[in-house]
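Below, each chain spelled out in residue letters.
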Amino acid sequence: MAILQRAGAPDRYRPEPSVLTALRTPRILTREVLAGLVVALALIPEAISFSIIAGVDPRLGLFSSFVMAVSIAFLGGRPAMITAATGAVALVIAPVAREYGMDYFIATVILAGLFQLVLGLLGVAKLMRFIPRSVMVGFVNALAILIFSAQLPHLIGVPWLVYPLVAAGILIMVVMPRLTKVVPAPLVAIVLITATVILTAIDVPTVGDEGELPESLPELFIPNVPLTWETFSIIAPFALAMALVGLLESLMTAKLVDDITDSHSRKTREALGQGAANVLSGLFGGMGGCAMIGQTMINVKASGARTRISTFLAGMFLLILVVILGDVVATIPMAALVAVMIMVSVATFDWHSIRWSTLKRMPKSETTVMLATVAVVVATHNLAIGVLVGVIVAMIAFARRVAHFATVERRLQLDEPVPTAYYTVNGELFFASSNDLTTQFEYVDDPGRVVIDMSGSHIWDASTVAALDAITTKYERHGTPVEIAGLNASSTKLHERLAGRLGAGH
């Protein structure tokens, strides 16, 4: 018997495998545990460097990454996605720490989380459907470039032995999956490179050189700021910017993971989860953050994780590694982690999008949108700005294409009792396509009656109504009556409500 399932029913959001399935299956559980460990190791230098960008103690980045990873594992809408301290968020709120101090900084993080909760409740996640594929491709390619470029400081001005170590790490991650996928290749690379450095006593930069690791657990932290309008006016602009950047980056990353895993995620739940995670991060003295594309790709693509277990364990392993095993973690050479991130950048980049065969087939406007997104993201190091610019360019390109779809045809019937000019308007009429509508009519040469047939068109906005008003007014100046016929129901309603009230032609 066939079973019909309503589109959009909850089953399409059920993660496969589920957490219970993973816990009951040793093979899947092993994969999730090891993936979490690899992500935790990769998070440490990232969190430290982002703390430096924000101008705060490295502990804030590490504690934030722990709190957010653990909380989002329960609250988020996209299983296996990693949330922690990020560079995009650090750049946005860095001026607060520099100009107003740590208490205002933490208050900003908490307020940003509250803003995200409000935006989530307002349904901002549904706006993701308006981000076109070309912007998504540009987003992915820009991320790959940023991930790679972030490794360059660890490859310039370093001992020459770093280079063979990085090359060896890349080789291990290329060959290892062909032999076995039981253990994530990045973990094998990190272990082997670290062991080589320790056994040979090679002097190369290590995780310990990046910054001091904390020796205690995070504690509850209530920022000491006056609860006044002045305080709100200081931190609100930074908090809102952080909330928007964090949500956009997180929702874009969730959509990317959806595509990679051929599954669906609850975007509204993810938006609410990000807000709650940032509030908790601030309350425990963290710097806040959002979804991390690089670590998420390590988790989902490189390590094959699919459940919330890997996200939760990434946070727990991070805390254990930096608080309990800090001395051991400090010995991990940066070359091993750089090799991992280089492989992630290569795997993240959409190489198909820049093939000559693809570029020849793709409309120029689509390629322009993709390149604009990449260029702005790389130039600003801000994913949110790049995506917004990409969407705006895509909107302009779309409007220009659609503007040419509206056509006007003229037919004269001079043998009727009253000679009549019939105009047939076809296409979607909105501000772009209706802009030149008034130039398509022969006001002087038309006979004593004009009929405009709108049955093949649709009025979408006030600009079109204003254009029709202008046409009617121009004919009235020549003493020619105009009849507008064939409007569908919604177009009639809009036309009746606005016609003659917009000042067109007056």
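Above this text you will find the structure in question.
A short tour of the structure in this document, coming up. (Residues numbered from 1 in each chain as written. Predicted model: local features only at pLDDT ≥ 70, side-chain atom pairs only at ≥ 80, totals over all residues. Heavy atoms only, no water.)

1. Comments concerning the overall build of the protein
So, step 1. For the protein, the count of helices and strands is 19 helices and 6 strands.
So, step 2. Considering only C-alpha atoms, the protein reaches an extent of 105 × 60 × 60 Å along its principal axes.
So, step 3. Counting all 506 residues of the protein, 52% fall into the buried class.
So, step 4. Considering only contacts within the protein whose residues lie at least 6 apart along the sequence, 83% involve residues at least 24 apart.
So, step 5. When the accessible surface of the protein is summed, it comes to about 23,800 Å², and 64% of that surface belongs to carbon and sulfur atoms.
So, step 6. Of the charged side chains in the protein, 35 are positive and 36 negative, and the gap between their average positions amounts to 8 Å. (Helix = DSSP H or I, 4+ residues; strand = E, 2+ residues; numbered from the N terminus. Buried < 20%, exposed > 50% of the residue type's maximum accessible area, 1.4 Å probe, protein only. Contact = heavy atoms within 4.5 Å. Areas by Shrake-Rupley, 256 points an atom, 1.4 Å probe, with all protein chains shown as cover. Lys, Arg positive; Asp, Glu negative; His and termini not counted. Charge placed at Lys NZ, Arg CZ, Asp CG, Glu CD.)

2. Observations concerning the pairing of strand β4 (residues 420–429)
So, step 1. When strand β3 (residues 407–413) meets β4, the two strands line up antiparallel, connected through 7 bridges. From the neighbouring strand, Val408 faces β4, where its bridge partner is Val425.
So, step 2. Connecting the antiparallel pair β3 and β4 is a turn made up of 6 residues.
So, step 3. Alignment of β4 against strand β5 (residues 449–459), held across 9 bridges, turns out to be parallel. (Pairing = 2+ DSSP bridges.)

3. Points about the environment of His495
So, step 1. With respect to the helices and strands, His495 occurs in helix α19 (residues 489–498).
So, step 2. On a C-alpha basis, the gap between His495 and Thr473 in space is 15 Å, while along the polypeptide they are 22 residues apart.
So, step 3. If we skip the residues at most four places from it in the chain, His495 touches Ile459, Val465, Leu468, Ile484 and Leu487.

4. Re the pattern of salt bridges
So, step 1. On inspection of all chains with the given rule, the structure shows 6 salt bridges.
So, step 2. A salt bridge links Arg78 to Asp258; its shortest N-O distance comes to 2.6 Å. Residue Arg78 is found in the loop between α3 (58–75) and β1 (83–84), and its partner Asp258 is found in helix α9 (residues 229–261); the two are separated by 180 residues along the sequence. Neither Arg78 nor Asp258 differs from the other in exposure class; each is buried.
So, step 3. Taken together, the shared-partner salt bridges connect Arg78, Asp258 and Lys267 into one network. (Salt bridge = Lys/Arg side-chain N within 4 Å of Asp/Glu carboxyl O.)

5. Details of helix α4 (residues 87–100)
So, step 1. Helix length check: α4, at 14 residues, gives a terminal C-alpha distance of 20 Å against a target of 20 Å (1.5 Å per residue), a fit within 8%.
So, step 2. Within α4, the axis deviates most sharply at Ile93, by approximately 45°, and proline Pro95 lies no more than four positions further along.
So, step 3. All of the buried residues along α4 are Gly87, Ala88, Val89, Ala90, Val92, Ile93, Ala94, Pro95, Val96 and Ala97.
So, step 4. Its buried side turned inward, α4 meets α2 (26–54), α5 (102–121), α9 and β2 (290–291).
So, step 5. Looking one or two residues beyond α4, the residue adopting positive phi is Gly101, at roughly 100°. (Expected span 1.5 Å × (residues − 1). Bend = angle between axes of the 7 residues up to and from the residue.)

6. A word on the side chain of Thr373
So, step 1. Considering the arrangement of structural elements, one finds Thr373 in helix α16 (residues 364–380).
So, step 2. When neighbours within four sequence positions are excluded, Thr373 is seen to be in contact with Val135, Gly138, Phe139, Gly386, Val387 and Gly390.

7. Regarding the sheet that holds strand β6 (residues 482–485)
So, step 1. What the 4 strands build is an open sheet, ordered β3-β4-β5-β6; its pairing is mixed. In this open sheet, the two strands that pair with only one neighbour each are β3 and β6. Looking at each pair of strands side by side, their axes are set apart by 20° on average, direction ignored. (Axes fitted to C-alpha atoms, helices over the stretch in contact; angles between N-to-C directions.)

8. Overview of the packing of aromatic side chains
So, step 1. Across all of its chains, the model carries 9 aromatic pairs by this definition.
So, step 2. Judged by centre distance (5.6 Å) and plane angle (80°), the rings of Phe74 and Phe312 are edge-to-face. Of this pair, Phe74 sits in helix α3 while Phe312 sits in helix α12 (residues 308–324), and the two are 238 residues apart along the sequence.
So, step 3. Overall, Phe74 belongs to the exposed group, its relative accessible area being 55%.
So, step 4. A centroid spacing of 6.4 Å and a plane angle of 90° characterise the contact between Phe441 and Tyr475, whose relative ring orientation is edge-to-face. Of this pair, Phe441 sits in the loop between β4 and β5 while Tyr475 sits in helix α18 (residues 462–477); the two residues are 34 residues apart in sequence, bridging distant segments of the chain. Here Phe441 matches Tyr475 in class, with each residue buried.
So, step 5. Three or more aromatic residues joined by ring pairs form one cluster here, namely Tyr423, Phe441, Tyr443 and Tyr475.
So, step 6. Sitting over the face of the ring of Tyr443, Lys474 holds its NZ or CZ atom 5.8 Å from the ring centroid. (Phe/Tyr/Trp six-rings, centres within 6.5 Å; stacked < 30°, edge-to-face > 60°. Lys NZ or Arg CZ within 6 Å of the ring centre and 35° of its normal.)

9. Structural notes on the nonpolar core
Soluble, globular proteins show a tendency: their nonpolar side chains are buried together.
So, step 1. Judged by nonpolar contacts, the single largest core of 113 residues is most densely connected at Ile44, Phe105 and Met287.
So, step 2. With 12 residues, α2 is the largest single contributor of residues to this core.
So, step 3. Once residues lying within four places of it in the same chain are set aside, the contact partners of Ile44 are Leu62, Val207, Leu213, Leu318, Leu321, Val322 and Val329.
So, step 4. Among the nonpolar cores identified, the runner-up in size contains 19 residues, and Val425, Leu429, Ala467 and Leu498 belong to it. (Core = buried A, V, L, I, M, F, W, Y, C linked by side-chain atoms within 4.5 Å.)

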